[in-house]
Amino acid sequence: MYSFKKLKQNSDFRRIYGRGMTLVNPAFVAYAFKNRRSSGIRIGITAGKKLGGAVQRNRAKRVITAAFALISDKIKSGYDIVFVARTRILTLKSTEVSALMLKIFEEAEILNQDA
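Basis of the calculations
Residues numbered from 1 in each chain as written. Predicted model: local features only at pLDDT ≥ 70, side-chain atom pairs only at ≥ 80, totals over all residues. Heavy atoms only, no water. Helix = DSSP H or I, 4+ residues; strand = E, 2+ residues; numbered from the N terminus. Expected span 1.5 Å × (residues − 1). Buried < 20%, exposed > 50% of the residue type's maximum accessible area, 1.4 Å probe, protein only. Arc of directions from axis to C-beta. Polar contact = N/O pair within 3.5 Å; in protein donor to acceptor, adjacent residues only side chain to side chain. Contact = heavy atoms within 4.5 Å.

Engineer: What exactly am I supposed to notice about helix H3 (residues 94–107) here?
Structural biologist: One turn of an α-helix holds 3.6 residues; hence residues three or four places apart share an orientation. With 14 residues, H3 should reach 20 Å at 1.5 Å per residue; the first-to-last C-alpha distance of 20 Å fits that figure. Along H3, the residues that are buried comprise Val97, Ser98, Met101, Ile104 and Phe105. Axial view of H3: buried residues confined to an arc of 130 degrees, hence all on one face. When the buried face of H3 is taken as reference, the exposed residues oriented beyond 90 degrees from it are Thr95, Lys103, Glu106 and Glu107. Note on H3: the residue one or two positions beyond its end, Glu109, has a positive phi of about 60 degrees.

Right under this line is the structure:
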């Protein structure tokens, strides 16, 4: 279905928060960490209660997942990425969010050279 796997373990999230590089924009914060054990891309998504109720939090997670699916083939393999949703994401569509992702990943040099 997707060309990436989902992170689920709290220890993975904590490792990425502590040792990963931080990429910030108004819609979300992304933490990226080069993973030596995994060759693929793994992502984790968090949405705190500050965003709203369960419906808003789940929509934010769906938008981030859909946006990442659009650009996942352009990301270098071997990275773990955690997205933390911010309130601005509730007003954006997945295509807008994917453009934001491309911008910050390009600055962080996480994109493939041929992308």
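Further notes follow.
Engineer: Mind showing me how you'd approach the side chain of Asp80 here?
Structural biologist: Structurally, the position occupied by Asp80 is in strand S5 (residues 79–85). Under the relative-accessibility criterion, Asp80 is labelled buried at 0%. Here Arg15 takes part through its side chain, which lies 3.2 Å from a polar atom of the side chain of Asp80. If we skip the residues at most four places from it in the chain, Asp80 touches Leu7, Arg15, Ile16, Tyr31, Ala32, Phe33, Asn35 and Arg42.

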